[in-house]
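Each chain, written out:
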Amino acid sequence: MHELSIAQSILDIITEEMRRHHVERIVSVRLKIGEMSAVVPESLTFCWSIVTKDTPAEGSRLDIVSLPIEARCLACDSVFFVQNYVYVCPKCGSGDLAILSGKELQIQDFETPDF
Ligand SMILES: [Zn+2]
């Protein structure tokens, strides 16, 4: 289950950030996850509740923003969003694409109870 190791790495980063900003508790963490990263939000949320148990992030919520897959056609140079995992250029029908974004897994920010 790769969501568990992802949840653990997020917690490591968040714990470090909390220490740096002298934050003792957080309410939520906002994540941006590309559709290509193959992360199941429900599974990640479940793993988050496990790894944060007995940590300062216990009880916090994950806000997951899903980012679409953006591609550029190498045949006609048009840029478009891949819909339903169909990797074909909507303009010329070519399958020769460069993926521009959609693989990211970023921690956007986190919210403390003071806000
Ligand atoms: Zn094309």
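For clarity, every value in this text was computed on a predicted model and none was experimentally measured.

Can you lay out the pattern of salt bridges for me, pointing to particular residues and giving the numbers?
Where charged atoms from two side chains of opposite charge approach closely, those side chains can pair. For the coordinates displayed, the defined rule picks out 5 salt bridges. A salt bridge links glutamate 16 to arginine 19; its shortest N-O distance comes to 3.1 Å. Separated by 3 residues within a single helix, glutamate 16 and arginine 19 lie in helix H1 (residues 2–20), roughly one turn from each other. Under the relative-accessibility criterion, glutamate 16 is labelled partly exposed at 36%. Here arginine 30 makes a salt bridge to aspartate 109, at a shortest N to O gap of 2.9 Å. With a gap of 79 residues between them, arginine 30 in strand S1 (residues 28–34) and aspartate 109 in strand S6 (residues 105–111) connect regions that are remote in the sequence.

How would you summarise the packing of H1 against helix H2 (residues 41–51) if you had to cite specific residues and measurements?
It is the contact of H1 with H2, at a shortest axis distance of 8 Å, that shows an interaxial angle of 55°. By the criterion of interaxial angle, the relationship of H1 to H2 is oblique. Note on packing geometry: the crossing formed by H1 with H2 is right-handed. For the pair formed by H1 and H2, the contact residues are Glu3, Leu4, Ile6, Ala7, Gln8, Ile10, Leu11 and Ile14 on the first element and Ser43, Leu44, Cys47, Trp48 and Val51 on the second.

Scoring rules and cut-offs
Residues numbered from 1 in each chain as written. Predicted model: local features only at pLDDT ≥ 70, side-chain atom pairs only at ≥ 80, totals over all residues. Heavy atoms only, no water. Salt bridge = Lys/Arg side-chain N within 4 Å of Asp/Glu carboxyl O. Helix = DSSP H or I, 4+ residues; strand = E, 2+ residues; numbered from the N terminus. Buried < 20%, exposed > 50% of the residue type's maximum accessible area, 1.4 Å probe, protein only. Axes fitted to C-alpha atoms, helices over the stretch in contact; angles between N-to-C directions. Parallel < 35°, antiparallel > 145°, perpendicular 65-115°, else oblique. Left-handed = near helix turned anticlockwise from the far one by under 90°. Contact = heavy atoms within 4.5 Å.

The analysis is restricted to geometry; functional conclusions fall outside its scope.
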